[in-house]
Amino acid sequence: MKDVLFLGNGHGEDTIAVKVLRALRAQAGPEALSVEAWPMVGTGAAYRKAGVPVVGALNTLPSEGFATLDWSMMWRDLQAGWIATHWRQVRAARAMAGRYRMMVAVGDIVPIAAAVLARTPFYFVGSAKSSYYDALHGYTGLEKRLLRRHCLMTFPRDAFTVSELERAHVPTLYLGNPMMDELDASGRGLGVADKTTVVAMLPGSRADAGDNLLALLQAAASVAHGAAPLCFAFALHPDADLEAIRRMIAEDPRAAAWRPSADAPQGGSAPIFYRGPAASSALLATDAFADILHRATLAVGMAGTANEQAIGLGLPLITVPGSGSQGEKYVRMKMEYFGPAAIAVARRPEAIAGAVSRLLADPQARARMQAAGRERMGEPGASRAIAGHILHGLVRAGSEDAPGAAA
């Protein structure tokens with residue numbers, strides 16, 4: 001019998017699960033626990049990169065887990081085998097009964113249901129739901145009932161949600177938000193002058209990231225600002241191919257206003273620098289996400305988790321629909337959570353550029369948005385605290401099933 005199975009139903013959920021998983025390994029010892037992961041949406045790249053074995057039936061449907069937001073995405077999923085995919089996952093969950101001492105579900109109803117079907121004690125990290133959402137997108141009655149009857153402990157993402165879950169008699173403990181962990185600046189800097197204003201650009205990490213990047217570059221070229229230098233810093237996925245991105249920018253008319261900078265490194269994994277209109281520049285980097293957020297004055301995002309991390313670090317957010325699964329309906333849903341921490345604009349260059357210009361010129365609006373974002377996302381440290389709670393539960397489960405015991 002293995003010690004722990006982590007279940008997540010999305011790219012962001014997998015990233016959060018890995019944060020908790022790393023903290024769990026750090027506290028128990030790297031070889032003390034036998035851990036596996038089931039990415040219920042996608043292929044589990046975050047787990048594989050962390051060296052965690054991936055099990056279970058995978059879901060690689062076109063909607064990337066967002067089918068319930070849009071009937072057109074649901075229709076594409078149905079054509080691609082939605083029913084068969086979810087039936088395989090139901091069967092896989094049932095087959096996991098007795099294989100793990102504990103499960104950690106991250107996300108929403110999907111991993112909750114899988115843990116219940118597996119008849120295995122589980123903890124729940126509520127990364128997707130919050131009382132800041134309306135009734136349609138908050139915790140449902142079914143979720144509360146399953147958590148009340150089957151979950152050892154629920155860790156909500158914000159303090160505001162605690163009272164709602166407690167009223168439903170769900171075992172609840174707020175320990176912070178794992179999304180805000182591992183976001184310390186590296187200290188390397190961005191190679192940007194101190195007097196330069198930095199705008200974080202977040203094109204996302206899904207299949208539409210390249211198209212989003214080009215749309216954001218096009219908008220950045222139209223931003224009106226004063227004489228002070230302005231740098232648009234693009235935080236790309238760590239596995240992004242910079243050479244392919246360079247070619248894409250050179251060939252697409254939406255990036256025609258940008259030219260490679262002759263005085264900056266342009267090869268390998270080094271950041272790409274571009275010169276734009278007036279005193280503007282663009283920086284594209286694959287390993288500088290936290291550095292960009294800490295240096296920026298505001299953020300423009302077509303992402304999921306990255307958008308939320310940005311507001312959590314106090315960045316006013318301009319959220320824009322992506323060209324893929326995180327489109328207009330996704331943005332409308334997320335604005336319920338963001339509230340005054342963000343403004344939503346259409347996916348048009350002039351709309352994005354105008355919003356950036358207005359926010360740069362309005363420090364009072366930025367201050368209000370900053371306070372709202374920090375309140376919603378909470379403090380760092382949750383991964384370590386949640387991991388400690390899980391480890392205590394494993395130890396308490398009994399000496400004969402102690403962590404690391406051979407099956």
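Preceding block: the structure.
Per chain, residue numbering runs from 1 following the sequence as it is written. Local features are withheld for residues below a pLDDT of 70 in this predicted model, meaning they are given only at 70 or higher, and side-chain atom pairs are given and counted only at 80 or more; totals for whole chains, interfaces and linings count all residues. Calculation of side-chain values draws on the structure's entire complement of heavy atoms; hydrogens and water are dropped beforehand.

**Regarding the overall build of the chain**
Logical step 1: The numbering of helices and of strands both runs from the N terminus, where a helix is a DSSP run of H or I of at least 4 residues and a strand a run of E of at least 2. Within the chain, the secondary structure is distributed over 15 helices and 13 strands.
Logical step 2: When we talk radius of gyration, it's over C-alpha atoms, and the globule rule is simply 2.2 Å times the number of residues to the 0.38. Relative to the globule expectation of 22 Å for 407 residues, the C-alpha radius of gyration of the chain, 22 Å, shows essentially globular dimensions.
Logical step 3: When each of the 407 residues of the chain is scored for burial, the buried share is 54%.
Logical step 4: In this description, contact between two residues means that some pair of their heavy atoms is separated by no more than 4.5 Å. Long-range contacts, defined as pairs at least 24 residues apart, comprise 67% of the intrachain contacts of the chain with a sequence gap of at least 6.
Logical step 5: For the chain, the accessible surface area stands at approximately 17200 Å², while carbon and sulfur atoms represent 55% of it. Exposed residues in this analysis have more than 50% of their type's maximum accessible area, buried residues have under 20%, and partly exposed residues fall in between, with area computed by a 1.4 Å probe over protein chains only. The method behind every accessible area is Shrake-Rupley, applied with a 1.4 Å probe, and residues are considered shielded solely by the protein chains displayed.

**Considerations on the sheet that holds strand 4 (residues 122–126)**
Logical step 1: Strand order in the open sheet formed by 5 strands is 2-1-3-4-5, and the pairing between neighbours is parallel. Looking along the sheet, the strands with just one partner apiece sit at the ends: strand 2 (35–39) and strand 5 (151–156). Recorded for the sheet is a direction-independent mean angle of 15° between the axes of neighbouring strands.
Logical step 2: Note: two strands are recorded as paired if DSSP finds a minimum of 2 bridges between them. Examined bridge by bridge, strand 1 (residues 2–8) and strand 3 (residues 100–106) share 6 bridges and lie parallel to one another. Paired with V4 across the two strands is M102, which belongs to strand 3. Axis definition: a line fitted to C-alpha atoms, limited for helices to the stretch in contact. Angles are taken between N-to-C directions and run from 0 to 180 degrees.

**So, the nonpolar core**
Logical step 1: Side-chain atoms within 4.5 Å are what join buried Ala, Val, Leu, Ile, Met, Phe, Trp, Tyr and Cys residues into a set we call a nonpolar core. Within the largest apolar cluster, 66 residues are counted, with the highest numbers of intra-cluster contacts made by F6, L24, L202 and I390.
Logical step 2: If you tally residues by element for this core, the top one is helix 1 (residues 11–28), at 7 residues.
Logical step 3: The residues contacting F6, other than those within four sequence positions of it, are A17, V20, L21, L24, V35, E36, A37, W38, Y47 and V104.

**Structural notes on the layout of surface pockets**
Logical step 1: Of the pockets and cavities examined, the second largest pocket occupies roughly 300 Å³.
Logical step 2: Every definition here rests on a 1 Å grid over the protein atoms only: cavities are sets of points where a 1.4 Å probe fits but cannot get out, pockets are open sets enclosed by protein on both sides within 12 Å along at least five of seven lines, and lining residues have some atom within 4 Å of a point. If you go around the second largest pocket, you meet 18 residues; those closest to its centre are M180, D181, E182, P380 and G381.
Logical step 3: Those elements giving two or more residues to the lining of the second largest pocket turn out to be helix 1 and helix 15 (382–396).
Logical step 4: The class makeup of the residues in the lining of the second largest pocket is 5 nonpolar, 5 polar and 8 charged. Grid points are joined across faces, edges and corners, and a volume is the space filled by probe spheres set on the points. Residues were grouped as follows: Ala, Val, Leu, Ile, Met, Phe, Trp, Tyr, Cys and Pro as nonpolar; Asp, Glu, Lys and Arg as charged; and all remaining residues, including Gly, as polar.

**Quick notes on a nonpolar patch on the surface**
Logical step 1: Patch construction takes residues with relative accessible area above 30% that form no salt bridge. Like charges are linked within 9 Å, and nonpolar side chains (Val, Leu, Ile, Met, Phe, Trp, Tyr) are linked within 5 Å. We define a salt bridge as a side-chain nitrogen of Lys or Arg found within 4 Å of a carboxyl oxygen belonging to Asp or Glu. Judged by side-chain polarity, W75, L78 and I83 come together as a nonpolar surface patch covering roughly 340 Å² of accessible area.
Logical step 2: Along the chain, W75 turns up in helix 3 (residues 71–79).
Logical step 3: For W75, a relative accessible area of 53% translates into the label exposed.

**A closer look at the packing of aromatic side chains**
Logical step 1: Only the six-membered ring of Trp is used, alongside the rings of Phe and Tyr, when aromatic pairs are assigned; centres must lie within 6.5 Å, and planes under 30 degrees apart are stacked while those over 60 apart are edge-to-face, with the rest tilted. Across all of its chains, the model carries 6 aromatic pairs by this definition.
Logical step 2: Taking 4.7 Å as the distance between ring centres and 35° as the angle between the ring planes, the aromatic pair formed by Y132 and F160 counts as tilted. Within this pair, whereas Y132 is found in the loop between strand 4 and helix 6 (141–150), its partner F160 is found in the loop between strand 5 and helix 7 (162–167), the two being separated by 28 residues in sequence.
Logical step 3: On the accessibility criterion, Y132 (16% relative accessible area) is buried.
Logical step 4: With relative accessibility at 46%, the residue F160 sits in the partly exposed group.
Logical step 5: Between Y132 and Y337, the aromatic rings sit 5.6 Å apart at their centres with planes inclined by 90°, giving edge-to-face as the arrangement. On the criterion of sequence distance, the pair formed by Y132 in the loop between strand 4 and helix 6 and Y337 in helix 12 (residues 328–338) is long-range, its members being 205 residues apart.
Logical step 6: Judged by relative accessible area, which is 0%, Y337 ranks as buried.
Logical step 7: Our definition puts a charge over a ring when NZ of Lys or CZ of Arg is within 6 Å of the ring centre and also within 35 degrees of the ring normal. Residue placement shows K334 over the ring face of F338; its charged tip is 5.9 Å from the ring centre.

**Observations concerning unusual backbone geometry**
Logical step 1: The phi torsion at H169 lies on the positive side, around 60°, for a residue other than glycine.
Logical step 2: On the basis of relative accessibility, which here comes to 62%, the residue H169 falls in the exposed class.
Logical step 3: The phi dihedral of A278 falls on the positive side, at around 55°, and the residue is not glycine.

**Description of helix 13 (residues 349–360)**
Logical step 1: In this scheme, a helix's expected span is set at 1.5 Å multiplied by one less than its residue total. Here helix 13 is 12 residues long and its end C-alpha atoms lie 17 Å apart, about the 16 Å a rise of 1.5 Å per residue gives.
Logical step 2: Looking only at helix 13, the buried set comprises A351, I352, A353, G354, A355, V356, S357 and L359.
Logical step 3: On its buried face, helix 13 is in contact with strand 6 (197–202), helix 8 (209–220), strand 11 (298–301), strand 12 (317–319), strand 13 (342–344) and helix 14 (363–377).

**Remarks on the packing of helix 11 (residues 305–312) against helix 12**
Logical step 1: At their nearest, the axes of helix 11 and helix 12 sit 12 Å apart, and the two run at 25° to each other. With respect to each other, helix 11 and helix 12 are oriented roughly parallel. Along this stretch, helix 11 crosses helix 12, giving a crossing that reads as right-handed. Two secondary-structure elements touch here, helix 11 through N307, E308 and I311 and helix 12 through K334, Y337 and F338.
Logical step 2: Class assignment of the residues belonging to the contact of helix 11 with helix 12 gives a composition of 3 nonpolar, 1 polar and 2 charged. Here the word oblique covers every angle except those under 35 degrees (roughly parallel), over 145 (roughly antiparallel) and from 65 to 115 (roughly perpendicular). Crossings are assigned a handedness: left-handed for a near helix turned anticlockwise from the far helix by less than a right angle, right-handed for a clockwise turn.

**Regarding the sheet that holds strand 7 (residues 230–235)**
Logical step 1: Reading across from one edge, 8-9-10-7-6-11-12-13 is the order of the 8 strands in this open sheet, with mixed pairing throughout. In the strand order of this sheet, the two ends are held by strand 8 (259–260) and strand 13, each with one partner.
Logical step 2: Direction of pairing for strand 6 relative to strand 7: parallel, over a ladder of 5 bridges. Residue pairing for strand 7: V198 is matched across the bridge by C231.
Logical step 3: Sitting on the sheet, helix 12 touches strand 12 and strand 13, and the angle it makes with strand 13 is about 155°.

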